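# A look at the structure
Spelled out from the first residue to the last, the chains are:
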Amino acid sequence: MTDVALGTTPAPLPAPPPDGPLWPRLKVNRNWLGFWFMLPAAAFLILFLAYPLGLGVWLSFTDTRIGRSGAFIGLENYEWLWDDTVFWLSVFNTLLYTIVASAVKFAIGLYLALLLNENLPFKAMLRAIVLIPFIVPTVLSAIAFWWLFDSQFSIISWSLRQLGLISGNINFLGDVWNARWSVIFANIWRGVPFVAITLLAGLQTVSPSLYEAAIIDGASRWQIFRRITYPMLTPIIAVVMTFSVLFTFTDFQLIWVLTRGGPVNATQLMATLSYQRAILGGQLGEGAAIATAMIPFLLAAILISWFGLQRRKWQQGENNE
Amino acid sequence: MSESAITDRAVTDRLAAKLTRPDIKLPQATERSLAIDTPLDDHTQGMSYLERLPKRLVTLYLPLSMILLVLLFPFYWMALTAIKPDEQLLDLDRYSPFWTWNPTIKHIQKLLFETHYPLWLWNTMFVAVCATVLSIIASVLAAYAIVRLRYRGAQWVGGAIFLAYLVPPSILFIPLASVVFQYGLFDTPFALILTYPTILIPFSTWLLMGYFKTIPYELEECALIDGASRWQILVKVVLPLAIPGLISAFIFCFTLCWNEFIYALTFLSSTANKTVPVAIVNEFVDGDIYRWGSLMAGALVGSLPLVVLYAFFVEHYVSAMTGAVKE
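This text gives an overview of the structure that appears in the document. (Residues numbered from 1 in each chain as written. Chains lettered and ligands numbered in written order. Predicted model: local features only at pLDDT ≥ 70, side-chain atom pairs only at ≥ 80, totals over all residues. Heavy atoms only, no water.)

### Quick word on the overall build of chain A
Secondary structure assignment for chain A yields 15 helices and 0 strands. Residue burial in chain A is summarised as follows: out of 321 residues, 52% are buried. Expressed as a percentage of contacts within chain A between residues at least 6 apart in sequence, the contacts between residues at least 24 apart total 65%. Taken as a whole, chain A presents about 14,700 Å² of accessible surface, with 67% of it coming from carbon and sulfur. (Helix = DSSP H or I, 4+ residues; strand = E, 2+ residues; numbered from the N terminus. Buried < 20%, exposed > 50% of the residue type's maximum accessible area, 1.4 Å probe, protein only. Contact = heavy atoms within 4.5 Å. Areas by Shrake-Rupley, 256 points an atom, 1.4 Å probe, with all protein chains shown as cover.)

Quick look at the structure:
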């Protein structure tokens, strides 16, 4: 796709008239035109993205509270966080949540994509149905999970009891580890369709003649997957997993609806903790410090998934787009 | 405006003439959304006849239906809860929990006539449409400039926009809250209308760049030679050909707006201004043991607009999602 686009380098434009009044020249000059065309997008992104990003880092070095502008206090917020066990617990929770959920999402998503890539009746409809959990707003499906995970009237507990597998109700969101697995499950449920559908799109670009050649050569299913499917998919896996890890790491909505970080901070993620400290507690500076502390993790995640998975592409001598 | 001596009419006529010529290839953009499942269908059949039905049943249909069951069950449960009478909701042993013989619309009625729910729906819709339209306009201009004007540094700007897509709202909401407060936008719909584009513009610019690249440069050259300005080219040549891309970007942006939570939670405080996701979480959750019916009704009604939109534009939706990832 991109290669094709790069191949058709546009022919040079007719040279703008060298002299004449300023305004017509500005209208034709490519760089000026580019400037005007970029203006709306750039204005939004600078005012509401780049500036707040910088401001957030600055706030983390101040003791700003809601309704009171703060003074520069250096690294005090970070020193305070360093000794804060709740913060470290939230780091642990976030890492656990991200690693487990992303790994499972990848495994199930890839499996589902492979299944959907088979020759199936109603293929288009199946694909459409699979994507529904991704369409429905997270908060609304999280509320459905909240009801499914209810401590007394959970249909899951009821069904398991009827089957004779358990004797009492499962306290899904009230117990430390149960709560962690429950929110991870809800996150996986929400994320699998995205991974599956994007990987499916990648699978469909793999030429079937490769598979036919492999089958004729007597390759097993696993060999086909390992030697053809997986290598062909690596670039798209890199992108999909970068997004998946990024959005899982910074997740807020699901936790906020299901547990608000409880019980006893067992599901407190860095995002929910920073909301709690900054907006509910009013300590904007401290909340901003927690949010800023997420940035190195995010950069690391992006670099690992990007370079780790793209390496194969470089080895093959393709230029890194 | 010297070049507008050539009228718009003349430009479109010339173009029409070009388009009917068989040797000029028509842009692929319109076919792109279909390309996902059509071209390979014939071939994938090639070897699968070698597998017999029992094997396919175990390796394919069984796992597939289990995954689908898990993916869809929460929605079934949501819909069922929304129409169950209260006394059946909590009594799992006396009434079969998986079905109800006497559905009620009490919960939905209560939702629509006794709460601010219609207002919240309207707020969400208003914010989503405004933010999406603003973002699409800005993205069309930016994407066109990056792909076709190729001003100095366009490549870098394209990369920067991709990076902007990777900045998550959870990092930005605290400083944005103080920015919103400074600009005097706190607790107004404009707080959301102006901040949502930061999420939407990077995505839709990236998506539209891909679409614009598929439009043959020759078409634009013809228009340029005929004296069309860049603006005329964008509006009369490029945009009509990029309509599938525009629809994809629009739908995806709209869904993202509807789904957004943390900004709406932080920047809005009065009940009347809230959007559906925030309002349901904050206003419906009380100690009432019978709240589940109305909660599920609220979640169901709040999801319906998106699901309906999705049902009509599945292909655009899928191509938006995969297109943005593939570029």
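So, next bit.
### Describing the pattern of salt bridges
One side chain can pair with another of opposite charge once the charged atoms of both are near each other. Under the criterion given, the structure shown has 7 salt bridges over all chains. Between B:Arg230 and B:Glu220 there is a salt bridge whose closest N-O contact spans 3.5 Å. Placement of the pair is B:Arg230 in helix 13 (residues 230-241) and B:Glu220 in helix 12 (residues 217-225), with a sequence separation of 10 residues. Note on accessibility: B:Arg230 and B:Glu220 belong to one class, buried. Across the salt bridge formed by B:Glu283 and B:Lys274, the nearest N and O atoms sit 3.0 Å from each other. With a relative accessible area of 7%, B:Lys274 lands in the buried category. Through salt bridges with shared partners, a single ionic network connects A:Asp84, A:Arg277 and A:Glu286. (Salt bridge = Lys/Arg side-chain N within 4 Å of Asp/Glu carboxyl O.)

### With respect to a nonpolar patch on the surface
All names here are of chain B. Among the surface-exposed residues, Leu-119, Trp-122, Met-125, Phe-126, Val-129, Val-133, Ile-137 and Phe-250 lie close enough to one another that they form a single nonpolar patch of about 660 Å² accessible area. By residue number, the principal contributor to the nonpolar patch is helix 7 (residues 117-149), which donates 7 residues. Within the secondary structure, Trp-122 sits in helix 7. (Patch = residues over 30% accessible without salt bridge, like charges linked within 9 Å, V, L, I, M, F, W, Y side chains within 5 Å.)

### Quick word on the environment of A:Tyr51
By the element assignment, A:Tyr51 lies in helix 3 (residues 30-59). Overall, the relative accessible area of 34% leaves A:Tyr51 in the partly exposed class. With residues near it in sequence (within four places) discarded, A:Tyr51 still touches A:Ile46, B:Val179, B:Gln182 and B:Tyr183.

### Some points on the environment of B:Trp99
All names here are of chain B. Residue position: Trp-99 is located in the loop between helix 5 (86-90) and helix 6 (106-114). As for Trp-99 and Leu-80, which are separated by 19 residues in sequence, their C-alpha atoms are 7.3 Å apart. Not counting residues within four places of it along the chain, the set of residues in contact with Trp-99 comprises Tyr-76, Leu-80 and Lys-84.

### Brief notes about helix 7 of chain B
Counted at 1.5 Å a residue, the expected span for helix 7 of chain B with its 33 residues is 48 Å, and the 46 Å between its end C-alpha atoms agrees. Where helix 7 of chain B ends, the next residue or the one after it, B:Arg150, has phi of about 50°, a positive value. (Expected span 1.5 Å × (residues − 1).)

### A few points about unusual backbone geometry
Its identity is not glycine, yet A:Arg260 carries a phi of approximately 50°, on the positive side. For A:Arg260, the location among the structural elements is in the loop between helix 13 (253-258) and helix 14 (270-280). Residue A:Arg260 is classed as partly exposed on the basis of its relative accessible area, which comes to 36%. Although it is not a glycine, B:Asp187 adopts a positive phi angle of roughly 65°. Relative to the elements of secondary structure, B:Asp187 occurs in the loop between helix 9 (169-182) and helix 10 (189-195).

### What about the nonpolar core?
Counting residues in hydrophobic clusters, the biggest one holds 198 residues, and the most contacted among them are A:Leu112, A:Leu131, A:Leu258, B:Tyr117, B:Tyr196, B:Phe212 and B:Tyr263. Considering every element that reaches this core, the biggest residue donor is helix 7 of chain B, with 17 residues. Taken domain by domain, this core gets at least three of its residues from each of domain 1 (27-58) and domain 2 (84-315) of chain A. Setting aside its immediate chain neighbours within four residues, A:Leu112 contacts A:Val130, A:Val192, A:Ala196, B:Leu64, B:Ile67 and B:Leu71. (Core = buried A, V, L, I, M, F, W, Y, C linked by side-chain atoms within 4.5 Å. Domains from an automatic or database assignment.)

### A short note on the packing of helix 3 of chain A against helix 7 of chain B
Where helix 3 of chain A meets helix 7 of chain B, the axes come as close as 8 Å, and the angle between the chain directions of the two elements is 145°. Of the two possible hands of crossing, helix 3 of chain A and helix 7 of chain B adopt the one that is left-handed. On helix 7 of chain B, the residues that touch A:Arg30, A:Leu33, A:Gly34, A:Phe37, A:Met38, A:Pro40, A:Ala41 and A:Phe44 of helix 3 of chain A are B:Leu134, B:Ala138, B:Leu141, B:Ala142, B:Tyr144, B:Ala145, B:Ile146 and B:Leu149. (Axes fitted to C-alpha atoms, helices over the stretch in contact; angles between N-to-C directions. Left-handed = near helix turned anticlockwise from the far one by under 90°.)

### Details of the environment of B:Ala131
Residue and element names in this part refer to chain B. Structurally, Ala-131 can be placed in helix 7. For Ala-131, a relative accessible area of 0% translates into the label buried. Expressed as a C-alpha distance, the spacing of Ala-131 and Ile-201, which sit 70 residues apart in the sequence, is 9.7 Å. Those residues in contact with Ala-131 that lie beyond four places of it in its chain are Ile-193, Tyr-196, Pro-197, Leu-200 and Cys-257.

### Here's the deal with the side chain of B:His107
Within the secondary structure layout, B:His107 lies in helix 6. Residues within four places of B:His107 in sequence aside, it is in contact with B:Thr81, B:Ala82, B:Lys84, B:Asp86, B:Gly293, B:Ser294 and B:Ala297.

### So, the interface of chain A and chain B
Contact with chain A, which involves 106 residues of that partner, is made by 115 residues of chain B. Overall, the association of chain A and chain B removes approximately 10,200 Å² of surface from exposure, summing both partners, and the carbon and sulfur fraction of that is 78%. At the boundary of chain A and chain B, one finds 1 salt bridge. Among the ionic pairs, A:Arg127 bridges to B:Glu315, the shortest N-O distance being 2.9 Å. Inspection of the region where chain A meets chain B yields 9 residue pairs in polar contact (both at pLDDT 80 or more). The biggest single contributor to the side of chain A that touches chain B is helix 3 of chain A, with 19 residues. For the side of chain A that touches chain B, a count of residues per class yields 79 nonpolar, 17 polar and 10 charged. (Buried area = accessible area lost by both parts, 1.4 Å probe. Polar contact = N/O pair within 3.5 Å; in protein donor to acceptor, adjacent residues only side chain to side chain. Nonpolar A, V, L, I, M, F, W, Y, C, P; charged D, E, K, R; others polar.)

### A short note on the packing of aromatic side chains
Counted by the stated rule, this structure contains 50 aromatic pairs over all chains. Measuring from centroid to centroid gives 5.8 Å for A:Phe37 and B:Tyr144, while their planes differ by 40°, and the two rings are tilted. Placement of the pair is A:Phe37 in helix 3 and B:Tyr144 in helix 7, with the two residues belonging to separate chains. Across the pair, exposure class does not vary: A:Phe37 and B:Tyr144 are buried alike. Three or more aromatic residues joined by ring pairs form one cluster here, namely A:Phe134, A:Phe194, A:Phe243, A:Phe247, B:Phe162, B:Tyr165, B:Phe203, B:Trp206, B:Phe252, B:Tyr310 and B:Tyr317. In this structure, A:Arg180 packs its charged tip against the face of A:Trp177, placed 4.5 Å from the ring centre. (Phe/Tyr/Trp six-rings, centres within 6.5 Å; stacked < 30°, edge-to-face > 60°. Lys NZ or Arg CZ within 6 Å of the ring centre and 35° of its normal.)

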